[in-house]
Amino acid sequence: MASLLALPASAQTFDHSPFDELLKKHVVKGMVDYDAFAESGPFKDYLKGLEAADVSKLSDRERLAFWINTYNAYTIELVNKHEERASIRNINKDTGLVKAKGPWKEPIVKAAGKTYSLDEVENEIIRKQWREPRIHFALVCAAMSCPPLRSEAYTGAKLDAQLDSQGRAFVPDPARGSRVDVKARTVYASKIFDWYKEDFGGSKEAIGRFIAQYHAESPEKQLLLSGDFDLDYLKYDWTLNSRYLARLKG
């Protein structure tokens, strides 16, 4: 798959190794041990480091890695701040009587000397500065239908390979990424492809071509490339991507 991040990595980097160690230890197959992060001193120190960072000294790829890690780290922090263990959508929930802002509007992210909401990090920083659709497979909204949280931190040096790996893990996954019914000439895709349609080309045909990149030569790939199919979206499971809940179900 062609790289959309062709600039050489800079020698200047931000140290994401504390977050990397925590992800390796507390994230298994995309499932998160939220209690472990809540009790972690190194995680709190990492968040303080994000707040003090000077991103102007980072290369393009290092900055993108910084903001992806920031989004994912503060999503974990948001869940733990509210002690939520069922679904992120329960945070700041609109009850009908009280109009709430929802989880993604809360100004919780302290990074690069400013305070942001998760929504601002995603839409005002990442999507505005980088025309890179694969970021949607790296930003994890703490739900089962989201792409799996990676068990390592993103870095500028490995970013292109990491984004490609995330795409390969998510897009062909029939439960949450996409599946192709050749006989019915129907493509079922994650709602991510609907919510961020413009990032994937803005049309059904463009979405089909994008998904086709993750398929080997097959009738499914030919249908995707043809554009001659109905596009439907998979049901989105907002259950928290929690190792605890996974153990209960197991």
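Residues numbered from 1 in each chain as written. Predicted model: local features only at pLDDT ≥ 70, side-chain atom pairs only at ≥ 80, totals over all residues. Heavy atoms only, no water.

Enquirer: Got a minute to help me understand the pattern of salt bridges in this structure?
Expert: Opposite charge on two side chains lets them pair, provided their charged atoms get close. This model, assessed by the stated rule, comprises 14 salt bridges. When the shortest N-O distance is used, the salt bridge between E132 and R134 registers 3.0 Å. We classify R134 as buried; its relative accessible area is 3%. A network of salt bridges, in which partner residues are shared, links E132, R134 and D160. (Salt bridge = Lys/Arg side-chain N within 4 Å of Asp/Glu carboxyl O. Buried < 20%, exposed > 50% of the residue type's maximum accessible area, 1.4 Å probe, protein only.)

Enquirer: It is not clear to me how the nonpolar core should be interpreted in this structure. Could you clarify?
Expert: Most often, soluble globular proteins have nonpolar side chains that are buried together. F19, F37, F66, W67, I68 and F193 are the most contacted members of the largest nonpolar core, which totals 71 residues. Element by element, the count of residues in this core is highest for helix α4 (residues 60-81), at 11 residues. (Core = buried A, V, L, I, M, F, W, Y, C linked by side-chain atoms within 4.5 Å. Helix = DSSP H or I, 4+ residues; strand = E, 2+ residues; numbered from the N terminus.)

Enquirer: Mind showing me how you'd approach the confidence of the model for the protein chain here?
Expert: In this model, the protein chain carries an average pLDDT of 93, and 92% of its residues clear a pLDDT of 70 or more. Note that residues 6-10 has pLDDT below 50 and, in this model, 6 contacts with residues that lie over four places away or in other chains. (pLDDT = per-residue confidence, 0-100. Contact = heavy atoms within 4.5 Å.)

Enquirer: Please clarify how helix α9 (residues 219-226) should be interpreted in this entry.
Expert: Residues separated by three or four positions in an α-helix point in the same direction, a consequence of the helix having 3.6 residues per turn. Those residues of α9 that sit buried are K221, L223 and L224. Around the axis of α9, the buried residues are gathered within 160° of arc, so they sit on the same side. (Arc of directions from axis to C-beta.)

Enquirer: I would appreciate a short explanation of a positive patch on the surface in the present structure.
Expert: Side chains of R89, K93, K191 and K235 sit close together on the surface and give a patch of like positive charge. Structurally, K235 can be placed in the loop between β7 (230-233) and α10 (243-249). Assessed through its relative accessible area of 76%, K235 is described here as exposed. (Patch = residues over 30% accessible without salt bridge, like charges linked within 9 Å, V, L, I, M, F, W, Y side chains within 5 Å. Areas by Shrake-Rupley, 256 points an atom, 1.4 Å probe, with all protein chains shown as cover. Lys, Arg positive; Asp, Glu negative; His and termini not counted. Charge placed at Lys NZ, Arg CZ, Asp CG, Glu CD.)

Enquirer: Could you clarify how one ought to interpret unusual backbone geometry in this entry?
Expert: Leave glycine aside and you will find that most residues have negative phi; peptide bonds, for their part, are mostly trans. In this model, N92 sits at a positive phi of 50°, which is unusual for a non-glycine residue. Residue placement: N92 occurs in the loop between α4 and β3 (109-111). A positive phi angle is found at R185, which is not glycine, with a value near 50°.

Enquirer: Help me understand the sheet that holds strand β5 (residues 178-181), please; the structure alone is not making it clear to me.
Expert: Whenever strands of a sheet pair, they do so through backbone hydrogen bonds, lying parallel or antiparallel. One open sheet accounts for 3 strands, arranged β5-β6-β7; its pairing is mixed. The strands lining the two open edges of the sheet, one partner per strand, are β5 and β7. Here the strands of the sheet are splayed against their neighbours by 20° on average, with no regard to which way each runs. Pairing of β5 with strand β6 (residues 186-189), which is carried by 4 bridges, proceeds in the antiparallel orientation. Paired with S178 across the strands is A189, a residue of β6. Strand contacts of α9: β5 and β6, with the helix running at about 95° to β5, the strand carrying the most contacts. (Pairing = 2+ DSSP bridges. Axes fitted to C-alpha atoms, helices over the stretch in contact; angles between N-to-C directions.)

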